[in-house]
Amino acid sequence: MPSLTLMTATRIDTGRWWRPAPVRLTLSETDLILQADGPRPFHASVPLAECHASRYHHATGGLILEPAESLPIRHLRLDPQDALRVLSSLKSSSNHASVC
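In this text the structure is predicted, and so the values were computed from the model without any measurement.

**Some remarks on the sheet that holds strand E7 (residues 75-77)**
Two pairing modes exist for strands in a sheet, parallel and antiparallel, and in both the strands are linked by backbone hydrogen bonds.
Stage number 1. The strand order across the open sheet formed by three strands is E5-E6-E7, and the pairing between neighbours is antiparallel. Only two strands of the sheet have a single partner each, and these edge strands are strand E5 (55-57) and E7. Between one strand and the next, the sheet's axes are offset by a mean angle of 30 degrees, whatever the strand orientation.
Stage number 2. Pairing between strand E6 (residues 62-64) and E7: three bridges, direction antiparallel. Looking at the pairing, Ile64 lines up with His75 of E7.

Here it is, written out as structure tokens:
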């Protein structure tokens, strides 16, 4: 699976003056990574296997990462098309992991 990087509409305080930084979501071969740049950069990651129950919540327009309890942010605002790309990548990685 090639890596996928998307800029979400979710923002987090990273120490900028009056401007929260956007959270970037990256799917690597093995991990889901969340990052935001700033004076106090934000970085969190979990193995893809911990995101097996993730879903898109249409009413809030967000991707909900589940169970992924170790992530400080588990609800990311994304366009439906981008969320579908993430979910299909997560599904393909979990299918691949179960086959191996």
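**So, the environment of Ser45**
Stage number 1. When you line up the elements, Ser45 lands in strand E4 (residues 42-47).
Stage number 2. Ser45 sits 13 residues away from Leu32 along the chain, and the two C-alpha atoms are 5.5 Å apart.
Stage number 3. Excluding residues that lie within four positions of it along the chain, Ser45 makes contacts with Leu32, Ile33 and Leu71.

**Quick notes on the nonpolar core**
Stage number 1. Within the largest apolar cluster, 26 residues are counted, with the highest numbers of intra-cluster contacts made by Leu25, Leu27, Leu32, Leu34, Leu71 and Val86.
Stage number 2. Of all elements in the fold, only strand E1 (4-12), strand E2 (21-27), strand E3 (31-36), E4 and helix H1 (80-99) reach the threshold of two or more residues within this core.
Stage number 3. Considering every element that reaches this core, the biggest residue donor is E2, with four residues.

**Examining the sheet that holds E1**
Stage number 1. If you trace the four strands from one edge of the open sheet to the other, you get E1-E2-E3-E4, paired in antiparallel fashion. Each end of this open sheet is capped by a strand with a single partner; those strands are E1 and E4. Within this sheet the neighbouring strands show an average axis-to-axis angle of 20 degrees, counted without direction.
Stage number 2. Where E3 and E4 come together, six bridges link them in antiparallel fashion. Paired with Leu32 across the two strands is Val46, which belongs to E4.

Cut-off values and rules
Residues numbered from 1 in each chain as written. Predicted model: local features only at pLDDT ≥ 70, side-chain atom pairs only at ≥ 80, totals over all residues. Heavy atoms only, no water. Pairing = 2+ DSSP bridges. Helix = DSSP H or I, 4+ residues; strand = E, 2+ residues; numbered from the N terminus. Axes fitted to C-alpha atoms, helices over the stretch in contact; angles between N-to-C directions. Contact = heavy atoms within 4.5 Å. Core = buried A, V, L, I, M, F, W, Y, C linked by side-chain atoms within 4.5 Å. Buried < 20%, exposed > 50% of the residue type's maximum accessible area, 1.4 Å probe, protein only.

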